[in-house]
Amino acid sequence: HTFQGDSLAALDDGLEPRNSGDQDLPRFTWWDHRGTEEWVQLEFPQAQEVSEVAVYWFDDTGRGQCRIPKSWEVLHRDGDQWKPGTVKSAEPVAKDRWNRQTFEPLTTSALRINVELQPDDSGGILEVRVKQLRRRAENCTPCRAPTTFRQRPAHPYPAHPRPPPLPRPARQ
């Protein structure tokens, strides 16, 4: 379930939130579900080796009824079942920053973020980032091909430029 004015594409559009109440970015919310358990699923075109998920939660305190969740967890698809990974670290849920869960590296074709919403509120996500590990190319002769390892950015979460602001109408 997602609110009709929101978008699944907002989950990984690469836009960096300024804060949890950033109204200038597209978002994904479970509005008008309140106090429920919800989930969102990320599918990969092929299996990926991953070790961390970071979520930037949407919270429109003062404007609406979306808040950071009470709790969240990451599950990975293993065949036809959803299983938790072996968690190495999980930060407390907080607004205005990336919330990370790191786990032992695992290979999967999909991740699911399970969320328990606050009792009287809904919730949403501005952006999700998945840390993918370098993997040795299959069937590659060592030291003979420059593509032995897939390249990755120097920082696991590269910053993306914000889109230019929309022009504001002139005051009359």
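Bear in mind the structure is a predicted one, so any value in this text is a computation, not a measurement. (Residues numbered from 1 in each chain as written. Predicted model: local features only at pLDDT ≥ 70, side-chain atom pairs only at ≥ 80, totals over all residues. Heavy atoms only, no water.)

Asks: In this structure, what is going on with the overall build of the chain? I would like to understand it.
Replies: What the chain contains, in helices and strands, is zero helices and seven strands. Mapped from its N terminus to its C terminus, the chain presents α and β elements in the order β-β-β-β-β-β-β. Split into buried and exposed, the 172 residues of the chain put 36% on the buried side. A sequence separation of at least 24 residues applies to 76% of the contacts in the chain between residues at least 6 apart. (Helix = DSSP H or I, 4+ residues; strand = E, 2+ residues; numbered from the N terminus. Buried < 20%, exposed > 50% of the residue type's maximum accessible area, 1.4 Å probe, protein only. Contact = heavy atoms within 4.5 Å.)

Asks: Looking at this structure, how should I read the pairing of strand E2 (residues 37-58)?
Replies: A regular strand places its side chains on the two faces of the sheet in alternate fashion. As defined by bridge partners, E2 adjoins strand E6 (residues 99-116) across 14 bridges and the pair is classed as antiparallel. The partner of alanine 54 across the bridge, within E6, is arginine 100. Across eight bridges, E2 lies against strand E7 (residues 124-132) in antiparallel orientation. Each residue of the ladder has a partner; that of valine 50, found in E7, is glutamine 132. (Pairing = 2+ DSSP bridges.)

Asks: Which parts of the structure should I look at to understand unusual backbone geometry?
Replies: Peptide bonds are, in most cases, trans, and in most cases residues other than glycine have a negative phi. In this structure, aspartate 32 follows tryptophan 31 across a cis peptide bond, with omega equal to 10°. Assignment of secondary structure puts aspartate 32 in the loop between strand E1 (28-29) and E2. Of note, aspartate 96 is a non-glycine position whose phi angle comes to about 65°, a positive value. With respect to the helices and strands, the residue aspartate 96 is situated in the loop between strand E5 (87-90) and E6.

Asks: What's the story with the side chain of glutamate 127 in this structure? I'm lost.
Replies: With respect to the helices, strands and loops of the structure, glutamate 127 is situated in strand E7. Despite being buried, glutamate 127 has no salt bridge partner; arginine 129 is the closest side chain of opposite charge, sitting 5.1 Å away. For glutamate 127, the side chain forms a polar contact with the main-chain nitrogen of aspartate 13, separated by 3.4 Å. Ignoring anything within four residues of it in the chain, the contact list for glutamate 127 reads Ala10, Leu11, Asp12, Asp13, Gly14, Leu15, Pro17, Ala54, Val55, Tyr56 and Trp98. (Lys, Arg positive; Asp, Glu negative; His and termini not counted. Salt bridge = Lys/Arg side-chain N within 4 Å of Asp/Glu carboxyl O. Polar contact = N/O pair within 3.5 Å; in protein donor to acceptor, adjacent residues only side chain to side chain.)

Asks: Is there a simple way to think about the environment of arginine 27 in this case?
Replies: Relative to the elements of secondary structure, arginine 27 occurs in the segment before E1. Owing to a relative accessible area of 23%, arginine 27 belongs among the partly exposed residues under this scheme. The spatial distance from the C-alpha of arginine 27 to the C-alpha of leucine 126 is 4.8 Å, given a sequence separation of 99 residues. Apart from the residues lying within four places of it in its own chain, the contact partners of arginine 27 are Asp6, Ser7, Ala10, Phe58, Ile125 and Leu126. There is a polar contact of 3.5 Å between the side chain of arginine 27 and the side chain of aspartate 6.

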